[in-house]
Amino acid sequence: MSRFFANGSDSESESSEEEVQAQNYNKAANFQFSDDEEEVKRVVRSTKEKRYENLTGIIKTIRNHKKIKDIPNTLSSFEDLTRAYTKALPVISKEENGITPRFYIRCLAELEDFINEVWEDREGRKNLSKNNSKSLGTLRQKVRKYIKDFEDDLARFREAPDQESDVEEGDGEAHDSDADRGGADSDGGVVGAGSGKLPEQPKAAKSAPSKVIADDDDDSDDSIDWDSDTESETESSEDENQYQNMRERFLKRTTEKEDKDDDKRKDKRKEQKHKVRKRAEDDEDGEWETVVKGNVVEKPKMFEKDAEIDIPLVLAKLVEIMSARGKKRTDRRLQIDLLFELRDISEQHALGTPISVKIHFNIISAIFDYNQKISEPMKLEHWALLLEVMQSMLKLLLANPDINMNESVAEEHEEYSTAPYFIRGCPLAAVERLDDEFTKLLKECDPHSNDYVSRLKDEINVVKTIELVVQYFERAGSNNERCRIYLRKIEHLYYKFDPEVLKRKRGEQPAAGSAPSSVEVMDKLCKFIYAKDDTDRIRTRAILAHIYHHAMHDNWFQARDLVLMSHLQDNIDAADPSTRILYNRMMANLGLCAFRQENVKDAHHCLVDLMVTGKPKELLAQGLLPQRQHERSAEQEKIEKQRQMPFHMHINLELLECVYLVSAMLLEIPYIAAHEFDARRRMISKTFYQQLRSSERQSLVGPPESMREHVVAAAKAMRCGNWQACANFIVNKKMNTKVWDLFYESERVREMLVKFIKEESLRTYLFTYSNVYTSISIPSLAQMYDLPLPKVHSIISKMIINEELMASLDDPSETVVMHRSEPSRLQALAMQFVDKVTNLVDVNEKVFDMKQGNFFQRGNMGNRDRGYNRNQNNQGGNWGGQRRRQRGGHHKQQQQQQQQQQTIEEE
Amino acid sequence: MAQFDLTRINCQYLDRHLTFPLLEFLCGKEIYNQQELLEYILDTVNKTNMIDYTMDTRKRLNLSQEMPEELVQRKGEVLATLKQLQNEVAPIMKATDILKNGESMKDSKTFVNALQKDYNFKVEHLESAYKLAKYLYECGNYQESTSYLYFCLIVMSPNDKNYLNVLWGKLAAEILTLNWNTALEDLTRLRDYIDSANFSTIQALQQRTWLIHWSVLVFFNHPKGRDLIIEMFLYKPLYLNAIQTMCPHIMRYLATAVVINRTRRNALKDLIKVIQQESYTYRDPITEFLECLYVNFDFEGARLKLHECQTVIFNDFFIVACLNEFVEDARLMIFETFCRIHQCITISMLADKLNMKPNEAECWIVNLIRNARLNAKIDSKLGHVVMGTQPLSPYQQLVEKIDSLSMRSEHLAGLIERKSKQKNQESIDSWKYY
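Residues numbered from 1 in each chain as written. Chains lettered and ligands numbered in written order. Predicted model: local features only at pLDDT ≥ 70, side-chain atom pairs only at ≥ 80, totals over all residues. Heavy atoms only, no water.

The name given to chain B in an unreviewed UniProt entry is Eukaryotic translation initiation factor 3 subunit E, with the source organism recorded as Drosophila rubida. In its Subunit (unreviewed entry) section, the UniProt entry covering chain B states "Component of the eukaryotic translation initiation factor 3 (eIF-3) complex. The eIF-3 complex interacts with pix. Interacts with mxt." For chain B, the Subcellular location (unreviewed entry) comment in UniProt is given as "Cytoplasm". (UniProt positions renumbered as here; feature names shortened; annotations may be inferred.)

Per an unreviewed UniProt entry, chain A goes by Eukaryotic translation initiation factor 3 subunit C and derives from Drosophila rubida. As its UniProt record puts it under Sequence similarities (unreviewed entry), chain A is described as follows: "Belongs to the eIF-3 subunit C family." What UniProt states about chain A under its Subcellular location (unreviewed entry) heading is, verbatim, "Cytoplasm".

Asker: Report on the confidence of the model for chain A, specifying residues and quantitative values.
Answerer: Residues and elements named next belong to chain A. This prediction gives chain A a mean pLDDT of 71; 67% of its residues lie at or above 70. Below pLDDT 50 for its whole length, residues 1-41 participates in 71 contacts with residues either more than four positions away or in separate chains. Every residue in residues 250-261 is under pLDDT 50, and counting partners more than four places away or in other chains gives 33 contacts. (pLDDT = per-residue confidence, 0-100. Contact = heavy atoms within 4.5 Å.)

Asker: Account for the interface of chain A and chain B, with residues named and values stated.
Answerer: Residue-level contacts link 39 residues of chain A with 38 residues of chain B. A combined buried area of about 3,700 Å² lies between chain A and chain B, and 58% of that area is made up of carbon and sulfur atoms. Run the count over chain A and chain B and you get two salt bridges. One salt bridge in this structure joins glutamate 845 of chain A and arginine 408 of chain B, with 3.4 Å as the shortest N-O distance. There are nine residue pairs in polar contact (both at pLDDT 80 or more) connecting chain A and chain B. (Buried area = accessible area lost by both parts, 1.4 Å probe. Salt bridge = Lys/Arg side-chain N within 4 Å of Asp/Glu carboxyl O. Polar contact = N/O pair within 3.5 Å; in protein donor to acceptor, adjacent residues only side chain to side chain.)

Asker: So what's going on with helix 9 (residues 151-159) of chain A? Which residues, and what values?
Answerer: All names here are of chain A. Residues of helix 9 that are buried include every one of Asp153, Leu154 and Phe157, and no others. End-on, the buried residues of helix 9 take up no more than an arc of 95°, which puts them together on one face. Those residues of helix 9 that are exposed and angled more than 90 degrees off the buried face are Asp152, Arg156 and Glu159. Packed against the buried residues of helix 9 are helix 6 (102-120) and helix 8 (130-147). (Buried < 20%, exposed > 50% of the residue type's maximum accessible area, 1.4 Å probe, protein only. Helix = DSSP H or I, 4+ residues; strand = E, 2+ residues; numbered from the N terminus. Arc of directions from axis to C-beta.)

Asker: So what's going on with the pairing of strand 1 (residues 403-406) of chain A? Residues and values would help.
Answerer: Residues and elements named next belong to chain A. Only one face of strand 1 is covered, namely the one carrying Ile403 and Met405; the face carrying Asn404 and Asn406 has none of its residues buried. One ladder, built from four bridges, connects strand 1 with strand 2 (residues 421-424); its direction is parallel. By the bridge assignment for strand 2, isoleucine 403 is matched with tyrosine 421. (Pairing = 2+ DSSP bridges.)

Asker: How would you explain the packing of aromatic side chains if you had to name every residue and give the values?
Answerer: All names here are of chain A. All chains considered together, the criterion is met by 25 aromatic pairs over all chains. With a centroid separation of 6.1 Å and 10° between ring planes, the pair formed by phenylalanine 595 and tryptophan 740 is classed as stacked. Linking phenylalanine 595 in helix 27 (residues 577-596) with tryptophan 740 in the loop between helix 35 (733-738) and helix 36 (746-769), this pair joins segments that are 145 residues apart in sequence. Of the residues examined, phenylalanine 595 reaches a relative accessible area of 0% and is grouped as buried. In this structure tryptophan 740 comes out as buried when scored by relative accessible area, which is 0%. Geometrically, the ring pair formed by phenylalanine 595 and phenylalanine 743 is stacked, given 6.5 Å between the ring centres and 25° between the ring planes. Of this pair, phenylalanine 595 sits in helix 27 while phenylalanine 743 is found in the loop between helix 35 and helix 36, placing the two residues 148 residues apart along the sequence. If you follow lysine 755 out to its NZ or CZ, it ends over the ring of phenylalanine 756, 5.3 Å from the centre. (Phe/Tyr/Trp six-rings, centres within 6.5 Å; stacked < 30°, edge-to-face > 60°. Lys NZ or Arg CZ within 6 Å of the ring centre and 35° of its normal.)

Asker: Outline the pairing of strand 4 (residues 807-810) of chain A, listing residues and values.
Answerer: Bridge analysis of strand 4 of chain A against strand 5 (residues 815-818) of chain A gives four bridges, and the strand direction is antiparallel. Following the sheet pairing, serine 808 of chain A is matched in strand 5 of chain A by valine 817 of chain A. Counted between consecutive antiparallel strands, the loop separating strand 4 of chain A from strand 5 of chain A contains four residues, among which glutamate 814 of chain A sits at a positive phi close to 55°. As paired strands, strand 4 of chain A and strand 1 (residues 342-346) of chain B are joined by two bridges and run parallel to one another.

Asker: Give a description of the nonpolar core that names residues and reports values.
Answerer: All names here are of chain A. The biggest cluster of nonpolar side chains holds 298 residues, and the ones touching the most others in it are Met665 and Trp740. Per-element accounting of this core gives the leading share, 14 residues, to helix 31 (residues 653-674). With sequence-adjacent residues up to four places away left out, tryptophan 740 is seen in contact with Phe595, Cys658, Val659, Val662, Ile730, Val731, Met735, Ser746, Val749, Arg750 and Leu753. The next biggest cluster of nonpolar side chains, apart from the first, holds 32 residues, and it includes Tyr104, Val118, Leu136 and Phe150. (Core = buried A, V, L, I, M, F, W, Y, C linked by side-chain atoms within 4.5 Å.)

Asker: I'd like to hear about the environment of alanine 255 of chain B, residue by residue, with values.
Answerer: All names here are of chain B. Following the sequence through the fold, alanine 255 ends up in helix 14 (residues 251-260). Overall, the relative accessible area of 0% leaves alanine 255 in the buried class. Along the sequence, alanine 255 and isoleucine 286 sit 31 residues apart, while their C-alpha atoms lie 7.0 Å from each other. If sequence neighbours within four positions are ignored, alanine 255 has contacts with Leu271, Ile286 and Leu290.

Asker: An account of unusual backbone geometry is requested, with residue identities and associated values reported.
Answerer: Even without glycine at this site, glutamate 814 of chain A takes up a positive phi of about 55°. Checked against the element boundaries, glutamate 814 of chain A lands in the loop between strand 4 and strand 5. For glutamate 814 of chain A, a relative accessible area of 40% gives the class partly exposed. Phi at leucine 178 of chain B is positive, roughly 60°, even though this residue is not glycine. Structurally, the position occupied by leucine 178 of chain B is in the loop between helix 9 (163-176) and helix 10 (180-196).

This is the structure in structure tokens:
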């Protein structure tokens, strides 16, 4: 392009060489993003000039602020400047070989001088406003710190603040005033009117502003481009040129910056995104756009013109590029670009898949490197790119079974030319990182926005990628690696509900022939891990996920057995937080499953630990509790935030609480009724009690609104044995939408609930009113509670056998005959006294046992407890182990002891 | 009835020779196709060296009267091998016979010493004796096999690699010779060995599963077995675990054992807990019967299940002998539970629930009352049985509650005393060193 040659500063030979190179690239169907191409295609200015423009703009504001000694604003502008500079850094390093532009250095130098001047002037400093002096300190420190990086440049600048700069200085001032006026004008609404009419316009620049204002089409672009080119050769001190440049720049700022700045920035960003996306697309298609004009000046050259490109050369280049990795001033974006270029070259020269795999791998790590803060998610465009590259690498790996990519391959044993190939690298680590990044991305989005949904669509891709890695490792991986990647797969699988499973279980769908259901897949993966894993953590997590998955699909018994057999409860406290979170999630789901499967007691048992703390939200990592008195430091909060679950994996907390409260109600209300006068009554669920009590305290109870109020109202109805009202409070339209409809088979759950409510209400009724009757007719009870006669019979029988109800059945008349004789006052007191004495002995024994650390001596401890209570204990013991879990039994017993001790203390 | 037949599963855990009685038993019932069963037996027999049995089965299958060439040949081979092995072992056996009468038979150590000293006994001899025993066993000559195995057991050290095999072989042979007393001894010995040897978890589980199956054979035939089976299956956690994880179908035999054991009624509660826990992996009429009766108090259901139980037991080799006992005890259980709940029952209803005729039922109840096992009176005019209930008086409750307290306190005090003594002792001991 003529413009390019017009610069004339480049040596002829070099440019020609570059041209050759460029042609070379053309032939190679490379993709290269030269500015020209961009311009031709969609009329955009180069990044360089945009950045520069931005910089100069800020420099000018700084000057203005300096003049009026507005230090706070200077400070903020300075911060803007540094930021803008870092943004411009890639361009600078690309186009000027990393030499800091002179005008920038000048600005820094001036700033430093200014600060020193103000600082030295003690008198003046004292007079400064508080705000000003404060900012001054900050500014001084910041500038000092910042300047350190530019020390050399500054020194050079101070040695020869050449003539040109003087001119410019004056210039700048002139422009400043210009600019101010321009600004004022534009404020006055003359923006579009053309500042060309401004009378003070220096003649040299007369044409420029009009051009600029005309619009940012080719012309202006051209000139600017030109300008930036010259800028890069500031040293050659072409006064006039410079003059024009600066002027132009400033003018442009006055006119454009003010009204178009925002738009432009947006545009710019869009374009960038577009660029990257386009690149990704290109990648995919494999058809690159031909670079029309060979302009690759800015980029460091890949290879010598006539170098013969072979494997060692490419490798050497790769090493060269990668060696810059992690260094402070490395342009990471450039690195990625270079790697892409290298890949294309290698592909073009048919250097074989191994090389290409290696380069792919390096691209992946370069993309990972791009983001320096671990806690922050990567940029979206990078994410898309990453997925692409990852998948293409894995496909390459899978398509070529003779390539061995492994961590354990030493650098010097890498083999690229002959099969079998050995490459150092770990796709496992890469995919794990990818997965983590994905989670970070998700957490960044607002879960209720469309953003989240669109992000979540990538889940499929992530799963696909993991699947590819699984395939790779199933072919070549060690057991350990397979376990790790299986765990990744499991973690994407375990929380997803597969309705197929339930359909198959009910036999609605034939199991044979179709793809394995998720439970089967899960089984397979987990069993492999159980058998082969040698690190405890992976196995623990696999078990937890496995239980979760079973629980989700209503495989209650399998889930329960897994929990009991794995002895997880014993040592989960020693696990890392994320495993503990998984454990909590598992327990929550197990509780829900137990509830669905009509095991109310177990449901209560599973959930009680979560709910009793009152912060299930935190325990499930579904959100942080509001801060109270700085309980945690910022750092802690950051860590906790990292642990949070992404939204789509959340367990509905209201559902959880409701299930807990309802099961607590079903257990607690009959228990309260049975032990109304019992001195040793314990409560089953503290949380439920609290709810109940707080509602009792209210002087006026309105109709229930929230879920909790519904449950409390239901509990009150149940206390009188009014099952109809109780059922209406629990199962109604409001509660359906709030809670019950969240279950997969909500209808079945509701029916189950009503059934339980009937039964427990009947029990409560019998407990409460048995002392009023001498006999009750069973058929009338059945009618009252809308239960089949055998069921009523069975319930009453059970109560009689368990000695909860002092009664017996009279078969011929189908009645329950009560035997209860009210004890006299003295007798009742005597009984209470005996209870207490028994308690004392119990506690004594337990204290002794605890000191001995021997709980096994008396297995029949619970036997002296009467009735329902005993049943309870046994159940608890059951759950706590007895069968496959010895230590769990201890745990439960210990808890019991503690409870009992508490009750004694209360007494 | 085939759905409740456990032979197929049980045979997986039994020795080949132990399965023959089961299979033959099935031949007598008409559950499966006779022809197929016989073919299956033939198949199994062919893998052993019992040529005569093979022939017999072939005859029953009407294959051919003649002995096939191949079989004749095999018979010859078997006999030859047997001869050879017997020759190898003969000198030692002779020596044993001589020593048997002497003093040295008293314990194994002196016996081995005597053997080594006087008869040039070597480890190889032991090896061949073991081989012979195995061969004899495979030929179906269990009686002789036991004697060689007995010899092996005496001479072998417990850490010999064949020791476990010998134990198993001995048990199998004793079972097959219906020698229940020795079988029980061997069973205990084997169990102790398995519990003490350090197998890997999975191996131990496997060994225990086998042991459980074999022991069922012993327990239901030995008079003491009914207590022992409860003791071992229900109250030894290791075995209970094995049953729960590997073979929940054993619950049937455990349940039967508990039902027919009147003296161990308290085991019922624990059993029911286990049954409920495992109900999703295994259920059959017998466990369901218990569940109906003690979990749901569904007497009608229990009655129906009891009916089914009869057929199941009738067709199960292991427990067929307990059929009458089971029915009687099950009835009693229903009745007992019934009585605990009711204060007045019509006889006709009771008869219905117990699968009896009203007259029979009345007779049965009269007997129960006469034997003082039931506190009740029959009102023959209305056809009612009226229970004599006495509500628990508060004083009695009080006494009941306090009953154990003093004993427990004493026990505790004793423990503490012992403990403090021990401590004193220790502190005195530790002072000695200074």
